[in-house]
Structures are given as structure tokens and as C-alpha cells.
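The primary structure of each chain is shown beneath.
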Amino acid sequence: MDSDIFQGYKGDALEVLKKYQVRVWGTTKVETTRGTFEGTVLPRAENDDDKHIVVKIITGYNIGIDIRTITTMEETGYKKANYKIPEKQFPFTPGLPSVKLFGTGGTIASRLDYRTGAVIPAFSPGELYGAVPELADICNLDTEKVFAVFSENMGPKQYMALAKAIGKEIENGIDGIVIGHGTDTLHHTGAALTFMCQNLPVPVVLVGSQRSSDRPSSDAALNLMHAMKAAGTSDIAEVMVCMFGPTSDEYGLLHKGTRVRKMHSSYRSTFRTIGDTPLARISRKEINPIKQHYNKRRNDKEVKILPYFSDKVTMLYYYPGMAADTLDALVEKGYKGIIFVGTGLGHVNKELYPAIERAQAKGVHMYMTLQTLWGYVHMFVYDTGRDMMAKGIIPAGNMLPEVAWVKLSWILGQTEDPEKVKEMMLTPVNDEITLREPYNGYLVYQGGVPEVEDFIKDVHK
Amino acid sequence: MQFNPKQNYIQTRKNIGYVPRLEASQKDYDRIGFMSGLEVHQQLLTKEKLFCHCPAGIYHKSDDYDAELIRHMRPTLSELGEYDGTALMEFRTRKEIIYRIKNENACTYEVDDTPPFPINREALEIALEISLLSKLNVVGEVHITRKQYLDGSIPTGFQRTAILGVEGELELPKKKVRLIQLSIEEDSCREISDIGHTRTYKTDRLGMPLIETVTYPDFVNPEEVMEGCDYIRFLNRSTGKVRTGMGAGRQDVNVSCRGGSRVEIKGVAHSKWIPELTHNEAFRQWALLHIKDQLLKSISEPKNWKIHSMELSELKDVNAEKIYAVNLPGFHGLLSHFTQPGKSFADEIGDRLSVIACLEQPFMMHSEMLEPVLGEEEWESIRISLDAAKEDAQIIFWANEEDVKTALETIEERCQMAFEGVPNETRKSFVDGTTIFERVLPGADRMYPDTDSAPIPLEDEYITRLAENLPVDVIENHKQLLDWGVSSETFTYIFSKNLFPIIEKTINTLKLDPKYIGMFFGLRLKFAEGQYKKGLEFNYNMVYALFAWLVKSDIDIKLAEKMLPELIQHPKMDFASILETIGFKKIDRESILSKIPILMNKFAEGKTEVNPIHQKNWVMGQLRNTALGNINLTELSKTI
């Protein structure tokens, strides 16, 4: 009962509310040594202290009152807020593609959570239509909440559930799939779904927002519009991430699920294709391909769903002077696959060699990726590289570290045969290793397509 | 007899009992129930901005920028689950907002690509000092709140703001004014242009620390509002920790009349504009209530009132815009009804069309224009096409096709509001004392807790320490100046420049005549500041230093009058050099007095009759320059 009436209050503050019998959402008059305060008692965030009571005053502002200054308080009324995103029936328009939106949590549509003071997701076609009515001009929408977790809590279980849900929708003849997702691990999911859903006949678009939709300047609405358009009308039948190109509300970029990475903690245009160029540029009006070759949309339902994942794969981010016991510890704990994230062309120091040998002896699958993110692992250039290959570390080309971790986990969920694992690791499913790196992949400032491409063309590099 | 809009305008102005401000008395304001309150904004003098580490107070020209970026704003729900009216209105305008950014004074925080850094403590402390000076109840914990602004003036779409105190009091010379609250907030962007559907801002001012002091509507006449505003400004400045100069202080003025609504006149840069603005606004509301009465008399079912419109396809506009004629049933005689000097009810509609439907001037004509463009015959044919009755009024507007729907809705909406009386609005002010519609007045529904910031506790110990080091109340200083015999005409200048502490120091430390020193600062310094080009390094403490030096050098302090202009223009020059510049030589009094007999004789030379007064004045004139600073002039005059 307490938790409802005194939502979020604890310790001393809770005692004060109980003593004066004032509830959360109760209007109150508080006498303190700093004067009189009047307003509505609000819930308190769980991690805040127990020395203050939060009150919304008549002008709409919130203030905190120090309980140590309170001489008396009384409840003068009660009015609980009814926070609801307005829901409107999502209209059906004949002739528009049908798109399925999977909800996983994240900040695409959100509302305030008093428990943590953060925002929590809210989501249904009606709510989405209420918030972004423009979506009805793009597609006929159906939604399904597959689960609700924060981006950082997305993991193997969720990847597999999503892959199966995608398979089912394709079976039902959907024109495209959008997955609403928190942004932190959007690229991990992008890679996982690329491996788990092969030979896709329709686009699968992952989308999130860097600014929650409870803010007027949120990128959520435009990202959703872009994602729905990509899913419904683009002919790119791949797992893609659709997020802002520049930070301006102008156009989005479609990135391959295996080559995309979150590169800024807070920028709207945080997602960047690494080691390649993005697939396409997308605005509310049009989709302009940047890459010439991609998997095209088809009319069949011949998707292969491969929902496998091993939880015995880890990553080791190398730093100078790293001691051998760090690797030993992982091996002793039973990890069967290790993705090294090495320096330069793919290096770790000699002190690790004995541990690497011990891991090899135990049959641990070891692959080398790069801290530089850009470029290829090249272990033939220096002795150290050749030494490491001799000790069983396999260079993973220009596969991104997170992607290599996802892929090795996915493979070890299917087989532990070293030769088979190696063959699968080094045979790209969808450009997680590319044969060539385009000269402009590194150079294209992915918020200025095509302007920066013109600049690259005109100016000496 | 034919209807004459001009005569109607004059007649309706008379009917509502409008009087020009300079002829108005308290009786007139009591008659219409004048009521006004203030929201006074004041920038704080800090090195950095409020929520990031960009420098504060560095401005740049509109065309000097490093990058531009674009945002669109969408309304979101408040904490209590409501949409705000202003937000919905702004969304209808479909504005594309462009921000111009200069690396020097804006970072990723300003453009909402980085969450806020912890609040600037220097700013918080200044704001708390002012809260204490304003006798507000200081909160126990500061909660940062987001206040929605969909006009684009802040790239996030909201302003981060927090209440520091509630329920305070300000003592004016003749009355006490109650304060609702004081908040600390980040300043907004400066608008560069707003044309059609594009609005451009620069981000230099964005994020600078600002406080807002809000009063209750306790003012009962326009002069009082101005006085209240000045006193809040004086109080802020008495800390010496706030910014001064153009734009550093701005106020929003809330006005209503009896039966009217709260209307907020935004961004009034000078307090001296307040009287005319508040006077006109109160009477505008009075006029709107009069219009309401007339409408309710003639139209029985306001709820069913609708406009009727048609496209005038036979008329071709040069810009290929659509032209529409609109019939307003029962509005005959109201479009030309007086609302403000030079403005009629038709402007109420036009102003909204410009803002909400983004129509570009000129975009409208109507059947009751004070300076008609179309002839009566043309209007007659329009009336026939619209099937209008003689008690109706008509509007013609032209707009891009995509703006027509919003335009028609806006016309209907504003006319429907006329049945209710006075819409809650924010209005933009003009120097001539009139205002135009700016936005729908936002309410408490635009507030939302800032989930990016943690609450900041304010311990008793800290508040007590701040309270112990506050400057003296402005009203106390006011009384002290009167006691000293300083004329009250000088107070505005003295307080607005925060000169009281220097005056007090000059009087107390140097033991000088309070009245003389007070008047010296209040009149001579003000005059000299206006008259001469001020050197960059000049500050008011130099005036104290001047008096201190004169006293120390045993020179008559009245010489300061002659030295002041030089000091203002050349603040780096030392005082001895200033003396040389003005041609002063130190001469002992005996040598000056010894010249008197010689001069007396010189005046009398060749004259048959000597007028002693003329003689005395002439001798004084001859000796004045030499005497100044060396001998008291009154004493000299007596000796002669």
C-alpha cells in the first residue's frame, strides 16, 4: 500500500508524509522555517535522498522541500495525474504498404517514470498515430510489443525472439518490418539479426531515437517516418539501421546492420557506417542509394531463420602492459570464444603469449579485430602478428569488434568444430568482412552527403 | 446613410470611454479595473553559460557564423498528461527553424546534442542572493524543469529553468508589491528573421544564465508598473553581479482589465515603455469586451457561428497565390471597431493570420478598412457572391494553397473568440505603445521535469551564510538619500547604475557633504556621461578615487566638477595631469586675496560711477578660474 500512496519516498521523508498524512498527488500546504509552500506532492525518484519532498507548485514548476525545515503540513485535496499519450485509431489506407513495428523498449515513444526519474517507453499504433500522425501517409501500420527492455538489457534471448518474430511476419506476407530499439546496442542487434535472418525478401529496419519523444525537438518522429518509409517502400531487403544523417532534421542514412556503429554518446547523428559507405540516404520524399549493390526486395517468403547464440564468447580490449592472467581468467571461467581488440594492425604484447598458448591448447576460438575500427587486420606485416597467428589467433579482416563477437557467438551456438567455425567466421554473410574498402568510406563525413563527397573529389587529401 | 468605417472607429473609441494616457487619472483605471503584474528578466554576470562551459556574453553579428542546422518542433505531453495550447498553435505554423552557430560561443549542448552539464554554481549563488534580497521563501531542493517553447527560440524545444524561491515582497516608496516566484533559467536564442515558414535564430545568447522575478498583479496604474519594474531592476543591480546594457534586462508585462483576461506583453526592453503599453492593453481589452457585448446582443447562438468562404478564381494574384473571400455573419461595424490607437478589430484577425498561417504581408483586405483600397461596388459584388446579409462583414485574403486551410481556421477561431471576450495571448510590443498578437498564452501544462538533471539540495547552513552577506535593501538606501537631502529625481540614475555604495563610501570615508556628493553623482556624473565620449577603462570607482585624491592633496573638492569631463574621456590619465589639462595651478589663498584690491581698482578705472554689484561680479569672474580648487568660492565672494 505504502508504495502507491507514498510512491518513491523512503526513510525520513516517508515518515514525515505518514506523520502528517499527506499522500503523493495530494495538494498540500507546508509550513517551514523558510516560509510557506503550497502545491501537489509528486512521487520521488528512487535514487534521490530521503531528506526532501517534491511539490509541484501552482505555476507548474517543481520544487523540493527540506523535511528538516518543516514545522507542519496538511493535505488540502487530491488530484492524481492521468498521463496518457492520446490514442487514435491508426487509419487503413488501401494501396499503402503494410509495415509491422516491433517494440523492444527504448526511447521511440516514451513517458516519465517516477521510479527512476527517467523515461519509460509507451507504444501502440494508436499512441504512435497520436504522436506522429504523418505515419499514416507512409504505410498501414500494425505493432507488436515483443518485449520491453532498455537497450543495454538487450541480449541473446531478445535477438532470438526477434528473429523468430521476423520469420513469422514474413510468412504472413508483410511488406517491411521496423524494430523500435534503444540506441546503445542498436548495432549489436543489427549484426545479430543479419546473421539470424538470412536471405530476407523484405527490409528489416532498426530505428531508435537519441532524444526521447517527450522532448519537442526529439529525433524520434522523423526517424520513425524514415524507417517506415524504408521498410514499406525501399527495395533494399537487408537488416538496416535507420538514423539521422546530419544532426539537422533533414535526412536519415540507412546503414548495413553489420557495418554500423554508435560513435557519439549523445549526438543525433551518432550512427556511422565504418569501413564502407552507408547504403542509402533517406528523406520523407525520397530514398537515394549510395551503394550500388545490395540485396533486392523479392516476392517470395524464402527467409532462413537461424536463431542460435552461445553465451561463452567474450571480448578482450587490449591495453599496453596487459598481464597474461586476464586472458587465463577468461579461459578458466570456461569461455570458448575470445575476440581480441588489438592495437594498430592487430597486435597485443608478448607478455600475453603464454596465456594465448594455454588458451589454444584448450581449443579456445580466438579472432583478432581492431581498436582503430577503420581498416583491416594485417598480421603479416610484423613478427608479432605472425607469432600470434602461429598461436592460433585468426585475423578477422575488417570485421568490427562487436560484430565479430556477435558472429562468433552465433556460430558457436551452432558448431564448435574449429575448421567449420573458421570458415563461417571468414565467409561474410552480409559485408561484415568486405573484400575492398572504398577510398571514400573513411573520408565521407556521413552528415554531409553529397556535399562532402564533392569536397573530397575537389580537394587534395 | 452610408456606413463610414473611420467614423465608426472614432465613435466606438468614444463609446468605450478611451482616454489618452496623459489625460487619464486613477479614476479611469479604476473604472476599467486596470490590473498588472511583471515578469522581470535579468542576465547574471558569470563567465560561463548555465548548463555548459561556453563563455557567456560574447555576441556576434547575424551573418557571422560557422554552421547552420535545422530543427522542427513537435508538441509533447506535460508531466500531468496535457498538451499545451501554445505548443499546438506553434505546431500548426509548420515552421522550419534554422540555427546559426559560432564555435566560439556555442557547443553541442546549445544545439541539444549533448545533455546538460551540472548547473553553473556561480550563477546559482547570485540568483539565490537575489532571491534572499527579494524576501522569498527559498526552496529546500532545486528541481530543474523543462518549460516548452515550440517557437524554436531554444533548440531543445524547452527551456531549462528552476524555482529558487516563492512568495516574496518588494517594497516600493509608496507601496509593497508581492512576488510570486523567482526562477533561474537559460536565456534563449536571438531571432534573426521570420519569413513565411522559415525562422532563423543565432545561438550566441542561448544558454546564458538569467533570472526571472514574477510579481502578483498588484499594480493598479501604468506608472506604478514602471516604478515596480525599476525597483526590481535596482534590486538586481545592487548586487553588482548582474549584466547591464542592451538586452541584459527585459520584462514581460501581464495586463488585464475587469472582465478581461491575462495578456502578456513580451520582451519590453525599457521600463519607460511600460506605461503606454499597459494603458493601451487595458483599453484594448475593454474594447474587446464591448465587442463581445454587441455580438451577444445580435447573435443568439454563438456556438453555431461559422464563417462562409469562397475562392475568387476570377482574380489572379501575381504570385500565383489563392485568393479567398470570407463572410463574417453579424460582424458589420466590428471590423472597424476601435481596439488600440490606429488599430481596429480587423487587425486582431490579421495579426493571427500572419503568425499562425504564416501569410506574408500584405495578405488581407476587409470591408471596413479605414483607408479603403477596393470601392464599395466591388465589395457589393463580393457580398452578392457570398450571399451576405447587410449585418455581415467580409474579408479577402490571399495565400499559398497549403496555407489556406489554416488561414480559414484562424479567421473563424479568432471571430469565435470574440464572443468570449479577450483571448489569453502573449503580445509583441512596439515603441508607439501598441501591441500585436505573438502566441497563445502558455500555461502550467508546458512544464516537465528535466530527466537529465538531478535535484540540487540547498542546505540551511549555505543559505544562512548567503543571507549574512547581502547588500542593503534598495528601499533603505532610498530613505538614506532622502535624509541626506538628495533630490529624488536623481534616484533612477543612482540605482540603475548601482552608485549608492560608491556615494556612501565617498561620504563616509572622506567625510564630505552628503547632499553635495549625492547630487554630484546623481546630476553631474549623469550629465557628463551623456555629454562626453566615455573612455573604455572608465568606472565609477574612479570618481571616488578623484575625491579621495582632492582631499588628500588639500584641493577644494569642487574642482572635481571641472575634472570630471576629463576623467570620463581619459580615464587612464592621472589626476595631476588632469589638473594641468584644465589649467589649474596651486596658489595659496593669500596670493589670490591679494589680487582683489588691484582688480577692484581696475574695474573702477575711467568710470564715473561704480555699481558695487557689477564690480564684485567682474572681480569674481576674473578670479574664478584661479580660485577654483584653491579657495572656497563663497568665501572669496564674501571677501570681495
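Residues numbered from 1 in each chain as written. Chains lettered and ligands numbered in written order. Predicted model: local features only at pLDDT ≥ 70, side-chain atom pairs only at ≥ 80, totals over all residues. Heavy atoms only, no water.

I tried to follow the confidence of the model for chain B on my own but got confused; where do I start?
Low-confidence regions, as indicated by low pLDDT, have predicted coordinates that should not be scrutinised in detail. When pLDDT is averaged along chain B, the result is 91; 97% of the residues meet or exceed 70. Across the whole predicted complex the pTM is 0.86, and at the interface the ipTM reaches 0.86. (pLDDT = per-residue confidence, 0-100.)

Whenever I open this one, the nonpolar core confuses me. Can you help?
In summary, soluble globular proteins display a tendency toward joint burial of nonpolar side chains. Among the nonpolar cores identified, the biggest contains 144 residues, and Tyr9 and Ile53 of chain A together with Phe521, Leu525, Phe547 and Leu636 of chain B are the most heavily contacted of them. Non-local contacts of Leu636 of chain B, meaning those with residues more than four positions away in its chain, are made with Ile592, Leu593, Ile596, Met620, Leu623, Ala627 and Ile631 of chain B. (Core = buried A, V, L, I, M, F, W, Y, C linked by side-chain atoms within 4.5 Å. Buried < 20%, exposed > 50% of the residue type's maximum accessible area, 1.4 Å probe, protein only. Contact = heavy atoms within 4.5 Å.)

Which parts of the structure should I look at to understand the domain arrangement of chain B?
Reports of interface size often rely on the accessible area that becomes lost once the parts have come together. Residues and elements named next belong to chain B. Here chain B is described as being made up of domain 1 (5–15 + 300–418), domain 2 (33–277), domain 3 (474–581) and domain 4 (589–639). Averaged C-alpha coordinates put domain 2 and domain 3 at centres separated by 34 Å. The interface of domain 2 with domain 3 comprises nine residues on the first partner and eight residues on the second. Summing both partners gives a buried area of about 840 Å² for domain 2 against domain 3, and 63% of it is carried by carbon and sulfur. For the domain 2 face of the interface with domain 3, the top three residues by lost area are Tyr231, Phe234 and Arg237, together amounting to 59%. In this assembly, domain 2 and domain 3 are joined by one salt bridge. Note that Glu171 and Lys479 form a salt bridge whose closest N and O atoms lie 3.8 Å from each other. Across the contact surface, domain 2 and domain 3 share three residue pairs in polar contact (both at pLDDT 80 or more). Top element by residues in the side of domain 2 that touches domain 3 is helix H5 (residues 222–237). It accounts for four residues. Here the residues of the side of domain 2 that touches domain 3 are counted per class, giving five nonpolar, two polar and two charged. (Domains from an automatic or database assignment. Buried area = accessible area lost by both parts, 1.4 Å probe. Salt bridge = Lys/Arg side-chain N within 4 Å of Asp/Glu carboxyl O. Polar contact = N/O pair within 3.5 Å; in protein donor to acceptor, adjacent residues only side chain to side chain. Helix = DSSP H or I, 4+ residues; strand = E, 2+ residues; numbered from the N terminus. Nonpolar A, V, L, I, M, F, W, Y, C, P; charged D, E, K, R; others polar.)

Can you help me understand the sheet that holds strand E3 (residues 96–101) of chain B in this one?
Sheets are built from strands that pair by backbone hydrogen bonding, the pairs being arranged parallel or antiparallel. Residues and elements named next belong to chain B. Strand order in this open sheet of four strands is E2-E3-E10-E9, and the pairing throughout is mixed. Because the sheet does not close on itself, it has two edges, and the strands there are strand E2 (67–71) and strand E9 (190–195). Geometrically, the sheet is characterised by an average inter-axis angle of 20° between neighbouring strands, direction not taken into account. Relative to strand E10 (residues 198–202), E3 is paired through five bridges, and the arrangement is parallel. When the sheet's bridge partners are listed, Ile98 is paired in E10 with Thr200. (Pairing = 2+ DSSP bridges. Axes fitted to C-alpha atoms, helices over the stretch in contact; angles between N-to-C directions.)

What is the right way to look at the packing of H5 of chain B against helix H6 (residues 274–298) of chain B in this model?
Helix packing for two helices is described by the angle between their axes and how far apart those axes are. Residue and element names in this part refer to chain B. Where H5 contacts H6, the axes come no closer than 8 Å and their chain directions differ by 135°. Compared by their axis directions, H5 and H6 come out oblique. Pair H5 / H6 crosses with right-handed handedness. Along its contact with H5, which presents Pro222, Glu223, Val225, Met226 and Cys229, the element H6 presents Ile274, Pro275, Thr278 and His279. When its residues are assigned to classes, the contact of H5 with H6 shows six nonpolar, two polar and one charged. (Parallel < 35°, antiparallel > 145°, perpendicular 65-115°, else oblique. Left-handed = near helix turned anticlockwise from the far one by under 90°.)

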